[in-house]
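# Report on the structure
Take a look at the letters that make up each chain.
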Amino acid sequence: MDFLNAIIVLFNFTVIPALAYGSQLALGAIFVTLIYAVLRFANFATGDMMSFGTMFAVILTYYFQSLGFGLGVLPTALLTIPFAILMMILYMLIIDKFVFSYYRIKKSPPVQFAMVSVGVMFVTQALIRIIIGPSDRRFLDGEKFIIKATEFKEMTGLAEGITLKSTQAITIIVTLIVVSIMFWFLNRTKTGTSMRAYSDNEDLALLSGIDPKRVVLITWVIAGILATIGGVLYGLDKSYRPFVYFNNMLPIFAAAIVGGIGNPFGAFLGGYVIAFAEIFVTYAYKRFISYLLPEHLEPDSLLQLLSTDYKFAVSFSILVIVLLIRPSGIFKGKVI
Amino acid sequence: MRNYKNVIAAYSIMIFLIILVGIFQSWSIALTILNYCLISAVMTIGANIQWGYAGLINFGIMGYTALGGLAVVLVSVEPVKKAWQVGGLNILACIWIIVAIIFVVKFILNRFDKSKLRNYSVASVILGGIILLRITAAPGIEAIESVDPAKTGFLGGMGLPVLFSWIIGALLAGSLAFVIGKIALGLRADYLAIATLLIAEIIVSIIKHEEWLARGVKNVIGLKRPAPYEIDLQTSEWFINLVTKFNSSKLNLINSISDKQEALNQMVIDASSVYVKLCFTGLFLTVVIILLIVTQKALYSPWGRKMRAIRDNEEAASAMGKNIVKEHLLIFILGSAIVGLAGAMMVTNDGLFTPGSYRPMRYTFVIWVMVIVGGTGNNFGAILGGFVVWFLWVEAAPIALFLINLFTSHLPETNAVRVHLIESAPYFRFLVIGIGLLLIMRYRPQGIIPEKIIKQ
């Protein structure tokens, strides 16, 4: 019984949150990696682009709520995602047309692209703050919990309970659906194959008649979908605050590089690697251990490897270690 | 002489703008802006050495700035004796443990050939060392943080003059850059940018959360100053006489004695803040000029030519027998040390150390915009960039407010759009900086004052 309790403690406080957080990071990381593979630059506007898409979802959620639309037990934000994605793609295409395409045609070095994306980051951040303001917003409605700790305890008779928030379940399910569709698209369809060819060797791809404009367009479309969904899921789970989204760019980068930048499947797993590492290293194992050990051996300290303040630092340290030992990432990068 | 014309013109416009602020807003604000412009200029010189001379992309400027700020606390604050008594021993022991770990790891790396066993043993030494560190440090840290937590709760500094901390700040930042450079400089350009960005974040999070070191997010206030305090000035005889002398014509116009006294008091208060800021301006200007002379000399020396050669074509320079790894590391250290110096100057200017305020937006990306806008590879350009961008960063909000009021003046006061726009005026600075950067990158990628190659 104690063993079961210990497992449930671990499951409730580490595995479930890490899965949800990892899914959010994974979507962002695939976005980064896709842009890197096809358009060949590190996009420093990642966090703010995700924030931009989420902003539309937040505004539309408020609008739908005022009209009385809703999905009942599910959050209204899910209904607004398609519209937000459309706006996001439109914004990305405008940015690409007026900013990035010039440097792409000139074949500028990646560093210049990175600096340009910093400019885009500033502009996006300004637009977000002017449109919606910098404050913290919650836009979750509908049922909050799928399983509550007390219900779980009553059901199983255990001392520890499992809490499953509806946002966590939605995050994991939606991520799995989106990512599987995306991989199907990249690996099985003709357009996906042409994208991979373009990423692999631009000149050869052009030679075999692939239209670069189409590839770029489709990349931005996929990027818009990933960025918006990732952003909305994060906002539903925690809350929507522009500054936090900007900061989320850092673990997302870490996830993309750890997974091998340019490799979407690596980025997908990288998201979970980073999330699990952050949570496992900063979790206090006292309660878990106290179930496993006999009573007189119970530990005094919290048994925490690092305090939760260092959550970000953990993922960055992993990144540094990966860069040192295996710069191409855990799963070989630089090909879609 | 023709070459210098646009440099002189650009700087005159900048000075003119600052004087305009002085006339329309107040001299105190103008001097604050000028001081920050000078600090930004030091930062851009540092960033420009790395990016402009050697083509190294360092997005970790925030980390070095914070480290420079930390140096001010560690050097100038009086030591907290009681904290040293209760926990100093543990901290010293920890430093020895860190040194021991480094030596053991180095020994293993040098002594044994590359193998899985070696990797595992290095990892286990580091992991074991961290656990040992935590066990040693935990009681000490707890004891230190419980010493009068509202006021101190940290080890304090060395109680030395604050100007000394500028050098220490540069040294600290330089030695950190040595470590980071050893780790990260082999990476490709955009990897290096991301890695340095994240490492800077780690440094700031350590400074934020290790409260025994510099109080973390509880901030250290009331730091020493290399300039007199306003209160002392307001009570000193010579200063009041000086103010009376300067404003005698204005004072003579006032008839009643009590009014005259009141006006004089107000003038003394205003003048004292201006005087203190002028002292800082003098100090900062000295630093900027010294750095400018040194960096200009370096740029046109054989060493500078070598750096440019490495930047423009690494393979060719390597073929000529230049040690690229060594030169890159050296320039990374030099640039970071200058940024550390700027960080120390900034904290000295503010008189307080607030680790919570170090954010990559303000301390990394804005500095980069300054370098790009001003002119990569040209020190005059980089300094000008620091001035222009900082000026816009500060003055964008008032200008935006003015423009919003102008364009929405036909709307009623309570119009929702107008109210919303006026509320969001502070965020127009991001828009101005972003669009400015994009325009410069597109139409004048070499910056306002481009790099000049002198044929020797």
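Remember, predicted model here, so these are calculated numbers, not experimental data.

Assigned secondary structure in chain A consists of 13 helices and two strands. Against the compact-globule benchmark of 20 Å for 336 residues, chain A has a radius of gyration of 21 Å, which places it among compact chains. Along the three orthogonal principal directions, the C-alpha set of chain A runs to about 70 × 55 × 35 Å. By residue count, 46% of the 336 residues in chain A fall in the buried class. Restricting the contact set of chain A to residue pairs at least 6 apart, pairs at least 24 apart contribute 76%.

Unlike most non-glycine residues, Arg40(A) shows phi in positive territory, near 65 degrees. Summarising the element assignment, Arg40(A) is placed in the loop between helix 1 (2–39) and helix 2 (46–67). Classification of Arg40(A) by C-beta neighbours within 10 Å gives partly exposed; the count is 17. Of note, Arg215(B) is a non-glycine position whose phi angle comes to about 65 degrees, a positive value. Residue placement: Arg215(B) occurs in the loop between helix 8 (211–214) and helix 9 (230–235).

All names here are of chain B. For chain B, per-residue confidence averages 87 on the pLDDT scale, and residues scoring 70 or more make up 98% of the total. When pLDDT is averaged over each element of chain B, helix 15 (residues 324–350) comes out on top at 94 and helix 11 (residues 248–253) at the bottom at 78. Here the predicted complex scores 0.90 on pTM and 0.89 on ipTM.

This part is about the packing of helix 2 (residues 27–53) of chain B against helix 15 of chain B. For any two helices packed against each other, the geometry comes down to the angle between their axes and how far apart the axes lie. All names here are of chain B. In the contact formed by helix 2 and helix 15, the axes pass within 8 Å of each other and the chain directions differ by 170 degrees. Relative to helix 15, the element helix 2 is oriented roughly antiparallel. Of the residues in helix 15, those in contact with Asn35, Ile39, Val42, Met43, Ile45, Gly46, Ala47, Ile49, Gln50 and Tyr53 of helix 2 are Ile331, Phe332, Leu334, Gly335, Ser336, Ile338, Val339, Leu341, Ala342, Met345, Met346 and Asn349. The residue inventory of the contact of helix 2 with helix 15, partitioned by class, reads 16 nonpolar, six polar and no charged.

Residue and element names in this part refer to chain B. The domain architecture assigned to chain B consists of domain 1 (2–79 + 156–443) and domain 2 (80–155). Relative placement of domain 1 and domain 2: their C-alpha centres are 34 Å apart. Residue-level contacts link seven residues of domain 1 with twelve residues of domain 2. Classifying every residue of the side of domain 1 that touches domain 2 gives four nonpolar, one polar and two charged.

Another point: the packing of helix 1 of chain A against helix 6 (residues 166–188) of chain A. All names here are of chain A. Running from amino to carboxyl end, helix 1 crosses helix 6 at an angle of 40 degrees, the nearest separation of the two axes being 9 Å. As the angle between them shows, helix 1 and helix 6 are arranged oblique. Helix 1 and helix 6 meet at a crossing whose hand is left-handed. Of the residues in helix 6, those in contact with Ile16, Leu19, Ala20, Ser23, Gln24, Ala26 and Leu27 of helix 1 are Gln168, Thr171, Ile172, Thr175 and Val178. For the contact of helix 1 with helix 6, the residue count by class is seven nonpolar, five polar and no charged.

The next point concerns helix 6 of chain A. Structurally, the α-helix is built with 3.6 residues per turn, so residues lying three or four positions apart point the same way. The terminal C-alpha atoms of helix 6 of chain A lie 32 Å apart, and with 23 residues this matches the ideal 33 Å at 1.5 Å per residue to within 8%. Of all the residues in helix 6 of chain A, the buried ones are Thr167(A), Gln168(A), Ile170(A), Thr171(A), Thr175(A), Val178(A) and Val179(A).

Contact residues are listed per partner, giving 35 residues for chain A and 32 residues for chain B. It is helix 4 (residues 110–131) of chain A that provides the largest number of residues to the side of chain A that touches chain B, a total of 13 residues. Residue composition of the side of chain A that touches chain B, by class: 28 nonpolar, five polar and two charged.

This brings us to the nonpolar core. Nonpolar side chains in soluble globular proteins tend to end up buried together. Within the largest apolar cluster, 221 residues are counted, with the highest numbers of intra-cluster contacts made by Ala254(A), Val42(B) and Ile338(B). Residue assignment places this core across two domains, with domain 1 (2–79 + 156–443) and domain 2 (80–155) of chain B each supplying three or more. Setting aside residues no more than four positions away along its own chain, Ala254(A) makes contact with Ile274(A), Ser315(A), Phe316(A), Ile318(A), Leu319(A) and Leu198(B).

The rules behind each value
- Residues numbered from 1 in each chain as written.
- Chains lettered and ligands numbered in written order.
- Predicted model: local features only at pLDDT ≥ 70, side-chain atom pairs only at ≥ 80, totals over all residues.
- Helix = DSSP H or I, 4+ residues; strand = E, 2+ residues; numbered from the N terminus.
- Rg over C-alpha atoms; globule rule 2.2 N^0.38 Å.
- Buried ≥ 20, exposed ≤ 12 C-beta atoms within 10 Å, placed from the backbone.
- Contact = placed C-beta atoms within 7 Å.
- pLDDT = per-residue confidence, 0-100.
- Axes fitted to C-alpha atoms, helices over the stretch in contact; angles between N-to-C directions.
- Parallel < 35°, antiparallel > 145°, perpendicular 65-115°, else oblique.
- Nonpolar A, V, L, I, M, F, W, Y, C, P; charged D, E, K, R; others polar.
- Domains from an automatic or database assignment.
- Left-handed = near helix turned anticlockwise from the far one by under 90°.
- Expected span 1.5 Å × (residues − 1).
- Core = buried A, V, L, I, M, F, W, Y, C linked by C-beta atoms within 7 Å.

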